[in-house]
2 protein chains.
Amino acid sequence: MAARASSKTSESSDKVSVICRALRRAIIEQALEPGAKLPEDALGERFGVSRTIARHALGQLAAEGLVELRRNRIAVVATPSWQEARDAFDIRIELERLVVRQLAGKLTKAQIAELNAHVDAEDRARGGTDAVSIRLATEFHILLAHMTNSPILVRYVSEVAYRCCLTLSLYSRPHSTECAINEHRAIISALAKGDAAKVMELMHHHLDSVANRALVAPTPQRGRDLLDILAPYADEVTSNRVIKLPKVARRS
Amino acid sequence: MAARASSKTSESSDKVSVICRALRRAIIEQALEPGAKLPEDALGERFGVSRTIARHALGQLAAEGLVELRRNRIAVVATPSWQEARDAFDIRIELERLVVRQLAGKLTKAQIAELNAHVDAEDRARGGTDAVSIRLATEFHILLAHMTNSPILVRYVSEVAYRCCLTLSLYSRPHSTECAINEHRAIISALAKGDAAKVMELMHHHLDSVANRALVAPTPQRGRDLLDILAPYADEVTSNRVIKLPKVARRS
DNA sequence: AGCGCTCGAATTGCATGCAGTTTGGGCTCG
DNA sequence: CGAGCCCAAACTGCATGCAATTCGAGCGCT
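Note that the structure is a prediction, hence the values are computed from the model and not measured.

Thresholds applied
- Residues numbered from 1 in each chain as written.
- Chains lettered and ligands numbered in written order.
- Predicted model: local features only at pLDDT ≥ 70, side-chain atom pairs only at ≥ 80, totals over all residues.
- Heavy atoms only, no water.
- Helix = DSSP H or I, 4+ residues; strand = E, 2+ residues; numbered from the N terminus.
- Buried < 20%, exposed > 50% of the residue type's maximum accessible area, 1.4 Å probe, protein only.
- Contact = heavy atoms within 4.5 Å.
- Areas by Shrake-Rupley, 256 points an atom, 1.4 Å probe, with all protein chains shown as cover.
- Least-squares fit on C-alpha atoms with pLDDT ≥ 70 in both.
- Salt bridge = Lys/Arg side-chain N within 4 Å of Asp/Glu carboxyl O.
- Buried area = accessible area lost by both parts, 1.4 Å probe.
- Polar contact = N/O pair within 3.5 Å; in protein donor to acceptor, adjacent residues only side chain to side chain.
- Nonpolar A, V, L, I, M, F, W, Y, C, P; charged D, E, K, R; others polar.
- Near = heavy atom within 4 Å.

What follows deals with the overall build of chain A. Check the secondary structure of chain A and you find eleven helices and three strands. Secondary structure elements of chain A, listed N to C terminal, follow the sequence α-β-α-α-β-β-α-α-α-α-α-α-α-α. Counting only residues that meet the buried cut, chain A has 46% of its 252 residues in that class. Considering only intrachain contacts with a sequence separation of at least 6, the fraction spanning at least 24 residues in chain A is 76%. Accessible surface computed for chain A: about 13300 Å², of which carbon and sulfur atoms make up 54%.

This is how it looks when you write it as structure tokens:
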């Protein structure tokens, strides 16, 4: 059976969910960079809701690991450490191996067509911005997860994939999406053939190479976040004023 | 290296988190059964906070899958379907294999002692209620996850383990905790020996057998939640009044 | 008795208000 | 010229109030 009983995902259409979706998308498209401030009333104003709702949305996103919430402090887009990025990818590999294991040989023709259509879209977007390519690539993986019809698996794969997106914007060098697209195609065809072992191996290699291509080595020896992030800029500072970090989203 | 940099878990000490912890515990100890109602103001009153806070807490727990939230409807403790229970265990197996893979041979003597102490506690609790045994067993797995020092892994393992707890209270027959305890000990010793493949196999088998022991077959053919849940009680009803389902936490 | 309807009580969705904390710009002083 | 202090503005933590929706007990009808 390729399809179990359909089940709607938890996120319906109340205002909180709408804001969550909007912010999530803004984050993974890097419109909001890691560290960007997210004041409750600015969000509320922007989305036409009260602070209560914005706050609630931030709480949800914090639960997903996309924003960081510290008591009495303004919320910011999460800034995962390099180690957390690696951890996220490790988890992601296991989860997605599970996805393709469940899916191998179980896909309907329609589902395979849907997957191919998605990769076609990725192909067409190759000319566009990096952000869109990354989003589409991520959505391919989430689409796969959906096809398992396991809401829990969908949730976890989505979450960890978004997290990985976030880290890519932190640690990646401008990377070519070419091979990723080819690997997506290979995965689809192996899924269609029903070779579970092969497709698990493909997925493993795919994610591993994305991680390795993207996550450049852990910077000499990370002492603690801010200090060594700023280290490369230290020499500039000696002969110059400290550069003020860019802020985000002031009200009009 | 057995220990990475320590990192505090996200859940600090604001009122929302306190309520979350309390409810989580109540749920996994089956003080709150699946389906139990969780009205916002009852919770608020019980914990001495406003509805706003109770509501926020419910949102967090919903994100973890422990409660179900439907628009304009009273929140209830989640009632996972049998299929969701299986899915949760499948995911859990993969995640915890990852945990022990990372841990094999990397544990300090102190950590091993801590694990053994925990299992001793499980042992001592064998006389107590099922609920406590289940909680302790779950906490053993979470303790393992903590030792990876990967906050993300901790979060996912905890979540999915709690979920599994929840399903156990739905679908399990009264089970013996004996073998589980022995299996925990076996896992510890394999971890200490550093045999990654062995300990992954042990963990896999452990969780699989817990799932199989606990999750009794999917009841003939599940049509929809309520109907077949009530099926076994149907005969009582014919000759008797309908038994009112227990409600939760009325105000004093 | 069983079934459907109606209306008040219970409950949620959301905005607003107030108090306490953090932030950062300017002023003073070394 | 730079370091430290101070205070107002910005922001969060939380409670409360009001409108909209759901729930369920009772009533009437069959």
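Moving on to the relation of the copies chain A and chain B. Each copy superposes on the other: chain A lies on chain B with an RMSD of 0.0 Å after a rotation of 180° and an axial shift of 0.0 Å. Seen this way, the second copy is the image of the first under a two-fold rotation axis. The fraction of interface residues of chain A whose copies in chain B are also interface residues reaches 100%, indicating that both copies meet through the same surface.

Residues and elements named next belong to chain A. What the rule picks out here adds up to 30 salt bridges over all chains. Between Glu64 and Arg24 there is a salt bridge; the shortest N-O distance is 3.2 Å. Of this pair, Glu64 sits in helix α3 (residues 51–64) while Arg24 sits in helix α1 (residues 15–28), and the two are 40 residues apart along the sequence. Here the two residues Glu64 and Arg24 agree in accessibility, since each one is buried. One salt bridge connects Arg135 with Glu29, and the closest N-O pair in it is separated by 2.4 Å.

Listed as interface residues are 29 residues of chain A and, on the opposing side, 29 residues of chain B. Counting each side, the surface lost to burial between chain A and chain B is near 2800 Å², with a carbon and sulfur contribution of 55%. At the boundary of chain A with chain B, the tally comes to four salt bridges. One salt bridge in this structure joins Arg101 of chain B and Glu94 of chain A, with 3.3 Å as the shortest N-O distance. Counting every contact that joins chain A to chain B gives twelve residue pairs in polar contact (both at pLDDT 80 or more). Counting residues per element, the side of chain A that touches chain B draws most heavily on helix α4 (residues 82–103) of chain A, which supplies eleven residues. Each residue belonging to the side of chain A that touches chain B can be placed in one class, and the counts come to ten nonpolar, six polar and 13 charged.

Here the focus is the protein's contact with DNA strand C. Taken together, the neighbourhood of DNA strand C is formed by 21 residues, with Ser50, Thr52 and Arg73 of chain A together with Arg51 and Arg55 of chain B sitting nearest. In DNA strand C, the atoms that sit within 4 Å of the protein are 71% sugar and phosphate, with bases accounting for the remainder. Asn72 of chain A has a polar side-chain atom sitting 3.5 Å from a sugar or linking oxygen of DNA strand C. At a separation of 2.7 Å, a base oxygen of DNA strand C approaches a polar side-chain atom of Arg51 of chain B. Those elements giving two or more residues to the surface near DNA strand C turn out to be α3 of chain A together with α2 (40–47) and α3 (51–63) of chain B.

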